[in-house]
Amino acid sequence: MGQVHDHGGGVRSIEVPIPDNPLGTTLVYVVDTDRGPVLVDTGWDDPASWDTLVEGLAACGTPVDEVHGVIITHHHPDHHGLSGQVRETSGAWLAMHAADTAIVRRARSTEPGRWLAYMTAKLTAAGAPEEHLAPLRAARPRSVPGLTPALPDREIVPGELLDLAGRRLRAIWTPGHTPGHVCLHLEEHHPAQLPGHGRLFSGDHLLPEITPHIGLYEDPDDTTIADPLGDYLDSLERIGRLAPAEVLPAHQHTFTDATGRVRELLTHHEDRLTGLLALLSEPLTAWQVAERMEWNRPWAHIPFQSRNIAVSEAEAHLRRLVKLGQAESVTGSEPVTYVAV
């Protein structure tokens, strides 16, 4: 069974495993309300993860069929994956920000073959070499976890209190990791009287030791020219100003000094953008930029799927530099190259 932690003040967490993932677990929070328990996220859609969630809820004194509602910080499958099963079992409502609900709706209607074609075209445009593209060209369309997620039935409206009887939980829109990512501010005195303003369920927006992935939003049917890194940096500053007493993230462990952690992440991305500008003294594709960026291991040791994620992150940083007027795409280049201005 996943570990259960009591955080005081009617808040507990359950460590729900993510299969074959270095993150290890998602922290699913159980918040007591006058109408019954409400979950913040649910974990990955996997039988072992479901069993862990059910056993963890029982250890909290909450049968799964008594769950009143589910608040989803964002649409990724390690957060939203089990939401549908929780709703089927308990009749709970599911709430999500409209921007991520739109992604869920499109994902449910998009054929796996369209995803494959989209990813192949995207990586080709980024300058991926043929040996990386070949497996995608040869792949057979198949169902992928997270492509048929449950459709939420309530909308999380930024700035508003959620309808939780006896609790004050306010939604804060923090786009960047996804377009509709939300943090949830529990506007109540800290149970241990820690200094600061309440507690913050931070999802993946603010983690104690990990820099969350900020890549271009991958959606075959969305043609918006988004600036996810710009969104993320703005959202970080908003959370820094909030100065919660304690952060309850979706991975790793709870922590204090949110403002200090925000400062670290802002500095990290500032340094990264500065390093990228130095690289762009010559024209480079997004793939070439990703090859030259610093990751947690050498590029040669980064596996296939992680390279796709790395390229998306490189593209988000390039998009930010272009928006700031510090870099531009080279006219007529194919695949597209970028150079410092």
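Placed above this text is the structure.
This write-up is about the structure you can find in this document.

Criteria and cut-off values
Residues numbered from 1 in each chain as written. Predicted model: local features only at pLDDT ≥ 70, side-chain atom pairs only at ≥ 80, totals over all residues. Heavy atoms only, no water. Pairing = 2+ DSSP bridges. Helix = DSSP H or I, 4+ residues; strand = E, 2+ residues; numbered from the N terminus. Axes fitted to C-alpha atoms, helices over the stretch in contact; angles between N-to-C directions. Contact = heavy atoms within 4.5 Å. 1 Å grid on protein atoms, 1.4 Å probe; cavity = no way out; pocket = protein on both sides within 12 Å on 5 of 7 lines; lining within 4 Å. Points joined across faces, edges and corners; volume = space filled by probe spheres on them. Nonpolar A, V, L, I, M, F, W, Y, C, P; charged D, E, K, R; others polar. Phe/Tyr/Trp six-rings, centres within 6.5 Å; stacked < 30°, edge-to-face > 60°. Buried < 20%, exposed > 50% of the residue type's maximum accessible area, 1.4 Å probe, protein only. Lys NZ or Arg CZ within 6 Å of the ring centre and 35° of its normal. Salt bridge = Lys/Arg side-chain N within 4 Å of Asp/Glu carboxyl O.

The strand order across the open sheet built from seven strands is β1-β2-β3-β4-β5-β6-β7, with neighbouring strands paired in mixed fashion. Looking at the sheet topology across the chains shown, the edges are occupied by β1 (4–6) and β7 (154–156). Direction aside, the axes of adjacent strands within the sheet are offset by 25° on average. Relative to strand β3 (residues 25–31), strand β2 (residues 11–17) is paired through seven bridges, and the arrangement is antiparallel.

With respect to the helices, strands and loops of the structure, L123 is situated in helix α5 (residues 112–125). Not counting the four nearest positions on each side in its chain, L123 is found in contact with A128, H132, L133, L136, W287, N308 and V311.

Turning next to the layout of surface pockets. The space that makes up the second largest pocket amounts to roughly 370 Å³. In terms of lining residues, the second largest pocket is bounded by 16 residues, among which Y118, Y217, D222, T224 and R319 are the most central. The greatest single-element share of the lining of the second largest pocket, amounting to three residues, is contributed by α5. Of the residues in the lining of the second largest pocket, the class split is nine nonpolar, two polar and five charged.

Time to look at unusual backbone geometry. Following E334, the chain continues into P335 via a peptide bond in cis, with omega recorded as -5°. Within the element layout of this structure, P335 appears in the loop between β13 (327–329) and β14 (337–340). Positive phi values are uncommon outside glycine, yet D20 reaches one of about 55°. Within the secondary structure layout, D20 lies in the loop between β2 and β3. Phi is positive for D257, which is not a glycine, with a value near 50°. Here D257 shows up in the loop between β11 (246–249) and α8 (258–279).

Strands sit in the order β12-β14-β13 across an open sheet of three strands; the sheet is antiparallel. Pairing within the sheet leaves two strands with one partner each, and these edge strands are β12 (284–285) and β13. Examined bridge by bridge, β12 and β14 share two bridges and lie antiparallel to one another. Looking at β14, one finds that T285 is bridged to T337.

What follows is about the packing of aromatic side chains. In the structure shown here, the tally under the stated rule is three aromatic pairs. Ring centres 5.4 Å apart and planes at 85° place the aromatic pair W287 and W299 in the edge-to-face group. A residue pair is termed long-range when its members are at least 10 positions apart, and W287 in helix α9 (residues 286–292) and W299 in the loop between α9 and α10 (304–323) qualify at twelve residues. You'll find W287 and W299 in the same group, each marked buried. Sitting over the ring of W295, R272 keeps its end group 4.5 Å from the ring centre.

Along β2, five of the seven residues are buried, which leaves the element largely enclosed by surrounding structure. Pairing analysis gives three bridges linking β1 to β2, with the strands arranged antiparallel. For V4, the partnering residue across the bridge sits in β2 and is I14. Linking β1 to β2, which pair antiparallel, is a turn of four residues; within it G8 sits at a positive phi near 80°.

Let us now look at the pattern of salt bridges. Taken as a whole and assessed by the stated rule, the structure comprises 13 salt bridges. Residue E187 is joined to R168 by a salt bridge in which the shortest nitrogen-to-oxygen separation is 3.1 Å. Of this pair, E187 sits in the loop between β9 (182–186) and β10 (199–203) while R168 sits in the loop between β7 and β8 (169–173), and the two are 19 residues apart along the sequence. When its relative accessible area of 39% is taken as the criterion, R168 is described as partly exposed. Residue E187 is joined to R170 by a salt bridge in which the shortest nitrogen-to-oxygen separation is 2.7 Å. With a gap of 17 residues between them, E187 in the loop between β9 and β10 and R170 in strand β8 connect regions that are remote in the sequence.

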